[in-house]
Number of protein chains: 2
Amino acid sequence: MIAIARGEISASLVIKNAQIINVFTKDIDYGDLAIEDGLIIGIGKYKGEVELDYSGYYLAPGFIDGHVHIESSMLTPNNYALAVMPKGTTSVIADCHEIANVCGNDGIDFMLKAAKSAPLDVFMMIPSCVPSTDFETSGATLLADDIKGYLDEENVIGLGEMMDYQGVLVGKKEVLDKIETFQNFRIDGHAPELKDQDLNAYVLAGVGTDHECSEPEELIQKVKRGMYVHLREGSQTKNVMDLLPGLNPSYYDRILLCSDDLHPNDIAKVGHIDHNINMLIKAGIRPISAISMATINIANCYNLPRRGAIAPGYIADFVLFKDLQDIDVLDVYKSGELVVHNKVPKFIPKEIAYQKVMNTVKLDLNNVDLSFTLKTNKVNIITLIKNNIITKKLVQKIILKNKQFFPEDNPDLLKLCVLERHKYTGNIGKGIVKGYGLKNAAIAMTISHDSHNLICLGDNDQDMLIAIKKIKEIGGGIVLVSKGEILDFLALEVGGLMSLEKQEYVIDRLTNLDERIRELGVNKDIEDPFMQLAFLSLAVVPDLKVTDKGLFDVHKFSIIPLEAGDEE
Amino acid sequence: MIAIARGEISASLVIKNAQIINVFTKDIDYGDLAIEDGLIIGIGKYKGEVELDYSGYYLAPGFIDGHVHIESSMLTPNNYALAVMPKGTTSVIADCHEIANVCGNDGIDFMLKAAKSAPLDVFMMIPSCVPSTDFETSGATLLADDIKGYLDEENVIGLGEMMDYQGVLVGKKEVLDKIETFQNFRIDGHAPELKDQDLNAYVLAGVGTDHECSEPEELIQKVKRGMYVHLREGSQTKNVMDLLPGLNPSYYDRILLCSDDLHPNDIAKVGHIDHNINMLIKAGIRPISAISMATINIANCYNLPRRGAIAPGYIADFVLFKDLQDIDVLDVYKSGELVVHNKVPKFIPKEIAYQKVMNTVKLDLNNVDLSFTLKTNKVNIITLIKNNIITKKLVQKIILKNKQFFPEDNPDLLKLCVLERHKYTGNIGKGIVKGYGLKNAAIAMTISHDSHNLICLGDNDQDMLIAIKKIKEIGGGIVLVSKGEILDFLALEVGGLMSLEKQEYVIDRLTNLDERIRELGVNKDIEDPFMQLAFLSLAVVPDLKVTDKGLFDVHKFSIIPLEAGDEE
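Residues numbered from 1 in each chain as written. Chains lettered and ligands numbered in written order. Predicted model: local features only at pLDDT ≥ 70, side-chain atom pairs only at ≥ 80, totals over all residues. Heavy atoms only, no water.

Draft legend 1. Representation of the overall build of chain A. Along chain A, the regular secondary structure elements total 17 helices and 32 strands. Each principal axis of the C-alpha atoms in chain A carries an extent, and together these give about 90 × 50 × 45 Å. By residue count, 64% of the 568 residues in chain A fall in the buried class. Considering only contacts within chain A whose residues lie at least 6 apart along the sequence, 69% involve residues at least 24 apart. For chain A, the accessible area works out to roughly 20,200 Å², and carbon and sulfur atoms hold 47% of it. (Helix = DSSP H or I, 4+ residues; strand = E, 2+ residues; numbered from the N terminus. Buried < 20%, exposed > 50% of the residue type's maximum accessible area, 1.4 Å probe, protein only. Contact = heavy atoms within 4.5 Å. Areas by Shrake-Rupley, 256 points an atom, 1.4 Å probe, with all protein chains shown as cover.)

The following block contains the structure:
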């Protein structure tokens, strides 16, 4: 290979006439790009056994997603690669937090193995918070001892987002044990609005990144303390434009791009990390600076060897496109192989071994009581807020019949049930939801953050029960029922989170489910009715949520009764 | 410590009212700096058991020298720390190439151990080129197997400068073995003027830095290929001002500062890395950018944990000074301890164990023949060039007496002898030097790059022999003799390279030696007569040099006779 670099022997592949983006100097290189054995040999004068003319194209390092939960795509890693590689993504820093909450070590093992089924490089951050809180039943509890073995695994590069920042701040032993175990690795943060001394403490403990900034000043404070900060643009949470005023070329090198959570239709229609890059370019950031945030900066932060640049010895991961002001990736090379040509994937992922993460709906159907029996009619109600996963707690009197709550007697109030589905505990948490708007219908899903129990919303027990039964039958997924009839469903057989089907099928089902549910009276303000539901169990975001253990008051950080006491 | 960071408990030490330089955002932080157990806890509102008011001061991370041969200071590491820490240096990336060439593994072991005698952090790059060439006898030959054991040693961070870039380019096995052994570590480069395809090959092999750039375009080319480039300012080689036009804020993060070789008097009078920083500031680079090149950039390049910035969890290495436009360090803290106050060191280094690197002049005095017997009078002459370690090859007829060369018959020609002093081989290499100018005198030294054999220059055998004998008696060093009398000498007992005395003593001797030699007819163009001599054996810099194996033609890369053939 040294002889090839010196031009003494022809390279296997030489790319000619592309304008090559140099992320080190932030300018353009001109020359032949020689590639051999998956590596970039150099830029200069080179002859190749194959020579490809890319006149009129820009060539950039393959894009890297700095933080993503692949599970949010509802695709298994092999199909995920088919979805994102045409967008120019050649590597992702993944955190398999979702499936770990369902399947524990089996889930992590599955993701690590399945990730190797496609040319996409998946670097794994091992989930740090399984379960997310003590107020829910997850499929597993992972302590430091349960995850330390992953340190020796190929492509494991750190500890996933430390959402339990309160645990860090109060010095909770289980939390500090995990941090200590991973102390020589990158530890991702998750600390919305944390600042001043508490932020010092969090960083001191060893957390090095954050992707939860929502305001410019927050970004600046975190960069000042030595954190790398991700500009996130996902399906559920979008921060790029909010953070833009906080950017300054002096510390562009500390800024990374990520998607966090992206649904399959958004990947198809909006894009992946190419979308974050294009947003920044349109906002006036120099294109090569924006590209650097999705390439070399991430490689530096996560210590990814030989990735993130076009230089000798680097892995030949690169993308080609024609317009530097509005990047639309046409061809993608991974390890020197053309994997996407004219936006079409040219690889066929391998089959994955998913057996250990199937059949995860462990629920006794004979034991499902959906009735709401109340002592008083003054209750705590979960009120939805437009475009937000935060809810408002509302205390209101409702109409009861024989001490029972029926939505039919209470306009715009729905039953929300979270059924534990990991361990046959029979737990059902219950809440009353306002502002969703569903008539003669029920939805049930096994995506419900973060423990992914079975969440079911409806205005009548019959439809709810049919939906729940169907979920069990299909091994998890999303089911929509109205007037006793199953309108449509998407099976998510893998952990109840991911489909075995490809992106197109999943999008078709989701599109149809969305169209059907819109006919059932759903509030038009709700952008994504299913994802809105999936976050109604997320016990770390205020005000009121429901876990399998009951109605959860995030401010009080405790389970509360449905009935509002007199003190309310 | 988390509780301290949160302000629940007082910190041991709090620095108040300093303007704190933030190398991440490249601006100034205001607040109390809390320190505990050697670490920075945070900047904010803090109370301390001890609170120190530094109003009017700037506070910056401790400076790091990105590449240095400590041996060039002629001081052992403990005394070196006393010399450089008052200049603001708290860490160095050292390459113990010199003593390794004399003492092999014992030399490396000595430096690693001796480095721990003082608060200065010495991170070691293990020498890659011992010996430097095959055309000289060094004290050791270190192959990959001889150095791989160091990978597990604390503070060993990589492979030292790969000077044998030709070896890399031709794929020499011993060279590639070493690179492979250190492939997951930083590998320093040394590749003056290497460019284009050969540079691609060198970088492809795994070399990641270069400190030999002498022209702006060379710097840019190396940065483009992903190298970190050092701006070097040493006693012998000074590149900062030459490289300045090649700098651009887009890639300041790839630029490091280093000294490479600094003599003790230059450290005292000119400074250490603070000098490089001040040069850049005077040239118009923003002070915090210049400081970043000597702190966080080096920490990033060499993967130094918790160093190079003032942020939570970082080691509390910092310096204090009053003028940001002309940095003159007053106080230095290392791991939270005040080690320099008002420029005066406050620490006493520990004794070092130097026994294994003493008595390194292994030379049989009965076997020294300094005569120059020649077959013809047409000879190859080493001509000195002003302020340069390059020499010119000159072919000239000289006057012989009984086929013998005597300087007394040949104005401005001197005898140069390099006596092997590691293994009693009896090797003496001989050359004729023009342009040095010495009358009735001889110098002998055991600093002679890179094998550090005994080098002796003189115009008469009697003085030369006296000097050589004195060198043996004092165990190495520098000796000046005139008319049978020893005018002065500096003993460098440690490997023949370093004194056991402190900086002040060494400077005194060197100053006196310089004054004495100036009285002996030395060419006024020669800035440092002793160092000029030390480089006359460096077989990797053109044109003609002398090693213990004979006269060496760097262009032919072979030993040649003193007599110039007819083809010359």
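Draft legend 2. Inspection of the pattern of salt bridges at higher detail. All names here are of chain B. One pass over the structure, following the stated rule, counts 54 salt bridges over all chains. The shortest N-O distance in the salt bridge between lysine 116 and glutamate 154 comes to 3.9 Å. With a gap of 38 residues between them, lysine 116 in the loop between α4 (105-114) and β10 (121-126) and glutamate 154 in the loop between α5 (144-147) and β11 (156-162) connect regions that are remote in the sequence. Since its relative accessible area comes to 42%, lysine 116 is described here as partly exposed. We note a salt bridge from glutamate 212 to arginine 232, for which the minimum N-O separation is 3.0 Å. Here arginine 232 lies in strand β14 (residues 228-232) and glutamate 212 lies in the loop between β13 (209-210) and α9 (216-224), a separation of 20 residues in the sequence. For the pair shown, glutamate 212 and arginine 232 are each scored as buried. (Salt bridge = Lys/Arg side-chain N within 4 Å of Asp/Glu carboxyl O.)

Draft legend 3. Expanded view of a negative patch on the surface. Residue and element names in this part refer to chain A. A cluster of acidic residues, Asp106, Asp109, Asp152 and Glu153, forms a negative patch at the surface. Mapped onto the fold, aspartate 152 is located in the loop between α5 (144-147) and β11 (156-162). With relative accessibility at 73%, the residue aspartate 152 sits in the exposed group. (Patch = residues over 30% accessible without salt bridge, like charges linked within 9 Å, V, L, I, M, F, W, Y side chains within 5 Å. Lys, Arg positive; Asp, Glu negative; His and termini not counted. Charge placed at Lys NZ, Arg CZ, Asp CG, Glu CD.)

Draft legend 4. View of helix α8 (residues 196-205) of chain B. Residue and element names in this part refer to chain B. Among the 10 residues that make up α8, 7 are buried, leaving the element largely enclosed by the rest of the structure. Among the residues of α8, those classed as buried are Leu199, Asn200, Ala201, Tyr202, Val203, Leu204 and Ala205. Where α8 terminates, the next one or two residues include glycine 206, which has phi positive at roughly 130 degrees.

Draft legend 5. Up close: the side chain of A:Lys545. All names here are of chain A. Position of lysine 545 relative to the elements: it lies in strand β30 (residues 544-547). A polar contact is formed between the side chain of lysine 545 and the backbone oxygen of phenylalanine 535, at a distance of 3.1 Å. Every residue in contact with lysine 545, bar those within four places of it in the chain, is listed here: Ile382, Ile389, Thr391, Phe535, Leu536, Ser537, Leu538, Ala539, Gly550, Leu551, Phe552 and Val554. (Polar contact = N/O pair within 3.5 Å; in protein donor to acceptor, adjacent residues only side chain to side chain.)

Draft legend 6. Structural context of the confidence of the model for chain A. Model confidence for chain A is summarised by a mean pLDDT of 96, while 99% of its residues fall at 70 or above. Reported confidence for the predicted complex is 0.94 by ipTM and 0.95 by pTM. (pLDDT = per-residue confidence, 0-100.)

Draft legend 7. Fine view of the interface of chain B and chain A. Of the residues lining the interface, 45 residues belong to chain B; the matching set on chain A comes to 45 residues. Of all residues in chain B, B:Arg6, B:Leu204 and B:Lys224 bury the most surface against chain A, accounting for 21% of the area lost on that side. Taken together, chain B and chain A are joined by 18 residue pairs in polar contact (both at pLDDT 80 or more). Mapped by element, the contributors of at least two residues to the side of chain B that touches chain A are α1 (2-5), β3 (27-30), β5 (39-44), α6 (165-169), α8 and α9 of chain B. (Buried area = accessible area lost by both parts, 1.4 Å probe.)

Draft legend 8. Quick look at the relation of the copies chain B and chain A. Superposing chain B onto chain A takes a rotation of 179 degrees plus a shift of 0.0 Å along the axis, which leaves an RMSD of 0.1 Å. Here the two chains are linked by the operation of a two-fold rotation axis. A shared interface surface links the copies, since 100% of the contact residues of chain B are contact residues in chain A too. (Least-squares fit on C-alpha atoms with pLDDT ≥ 70 in both.)

Draft legend 9. The sheet that holds strand β6 (residues 48-53) of chain A, seen in detail. All names here are of chain A. If you trace the 4 strands from one edge of the open sheet to the other, you get β5-β4-β1-β6, paired in mixed fashion. Edge positions in the sheet fall to β5 (39-44) and β6, since each of these pairs with one other strand and no more. Put simply, the sheet's adjacent strands are angled 25 degrees from each other on average, direction ignored. Note: strand β1 (residues 11-16) against strand β4 (residues 32-36), 3 bridges, orientation antiparallel. (Pairing = 2+ DSSP bridges. Axes fitted to C-alpha atoms, helices over the stretch in contact; angles between N-to-C directions.)

Draft legend 10. Fine view of the sheet that holds strand β21 (residues 391-397) of chain B. Residues and elements named next belong to chain B. One open sheet accounts for 8 strands, arranged β21-β20-β25-β24-β27-β26-β28-β29; its pairing is mixed. This sheet does not close on itself; its edge strands, each paired only once, are β21 and β29 (485-491). Neighbouring strand axes in the sheet, compared pairwise and without regard to direction, differ in orientation by 25 degrees on average. Where strand β20 (residues 378-384) and strand β25 (residues 428-434) come together, 3 bridges link them in parallel fashion. Each bridged residue has a counterpart across the sheet, and for threonine 383 the counterpart in β25 is lysine 434. Packing against the sheet, helix α16 (residues 503-518) makes contact with β26 (441-445), β28 (477-482) and β29, and its axis sits at approximately 150 degrees to β29.

Draft legend 11. View of the environment of B:Ile296. All names here are of chain B. In this fold, isoleucine 296 is placed in helix α14 (residues 296-301). Measuring from C-alpha to C-alpha, the distance between isoleucine 296 and isoleucine 560 comes to 48 Å, with 264 residues separating the pair along the chain. Discounting residues that sit within four places of it in the chain, isoleucine 296 has contacts with Val23, Phe24, Arg307, Gly308, Ala309 and Tyr314.

Draft legend 12. Up close: the packing of aromatic side chains. Residues and elements named next belong to chain A. One pass over the structure, following the stated rule, counts 22 aromatic pairs over all chains. Seen in terms of ring centroids, phenylalanine 182 and phenylalanine 185 are 6.3 Å apart; in terms of plane orientation they differ by 70 degrees. Their pairing is edge-to-face. Overall, phenylalanine 185 belongs to the partly exposed group, its relative accessible area being 30%. These aromatic residues form a ring-pair network of at least three members: Tyr54, Tyr57, Phe318 and Tyr333. (Phe/Tyr/Trp six-rings, centres within 6.5 Å; stacked < 30°, edge-to-face > 60°.)

Draft legend 13. Highlighting helix α12 (residues 273-282) of chain A. All names here are of chain A. The element α12 is largely enclosed, with a buried count of 8 among its 10 residues. Considered for burial, the residues of α12 that qualify are Ile273, Asp274, Asn276, Ile277, Asn278, Met279, Leu280 and Ile281. Residues of α12 that are buried make contact with β8 (63-68), β9 (89-95), β14 (228-232), α10 (240-243), β15 (255-258) and α13 (287-293). Just beyond α12, the residue with positive phi is glycine 284, at close to 105 degrees.

Draft legend 14. Spatial organisation of the environment of A:Met241. In this structure, A:Met241 sits in helix α10. With 42 residues separating them in the primary sequence, A:Met241 and A:Ala283 have C-alpha atoms 8.3 Å apart.

Draft legend 15. Structural context of the environment of A:Arg254. Its place among the elements puts A:Arg254 in the loop between α10 and β15. Residue classification places A:Arg254 among the buried positions, given a relative accessible area of 4%. Each C-alpha atom, one on A:Arg254 and one on A:Asp106, is 34 Å from the other, the two residues being 148 residues apart in sequence. In this structure A:Arg254 touches A:Val223, A:Gly226, A:Met227, A:Tyr228, A:Val229, B:Phe24 and B:Asn300, once residues within four positions along its chain are discounted. A distance of 3.3 Å separates polar atoms of two side chains, one belonging to A:Arg254 and the other to A:Tyr228.

Draft legend 16. Quick look at the pairing of β28(B). Residue and element names in this part refer to chain B. Taken across its 6 residues, β28 has 6 buried, putting it largely inside the fold. Note that β26 and β28 share 5 bridges and pair antiparallel. Bridge pairing in β28 places alanine 442 opposite valine 481. Taking the residues between adjacent antiparallel strands as the criterion, β28 and β29 are bridged by 2 residues, where lysine 483 takes a positive phi near 50 degrees.

Draft legend 17. Region of interest: unusual backbone geometry. Note the cis peptide between A:Val130 and A:Pro131, where omega equals 0 degrees. Relative to the helices and strands, A:Pro131 is located in the loop between β10 (121-126) and α5. Here A:Arg306, not a glycine, exhibits a phi torsion of approximately 60 degrees, which is positive. Locating A:Arg306 in the fold gives a position in the loop between α14 (296-301) and β16 (318-321). Unlike most non-glycine residues, B:Asn402 shows phi in positive territory, near 50 degrees. Inspection of the secondary structure puts B:Asn402 in the loop between β22 (400-401) and β23 (404-405).

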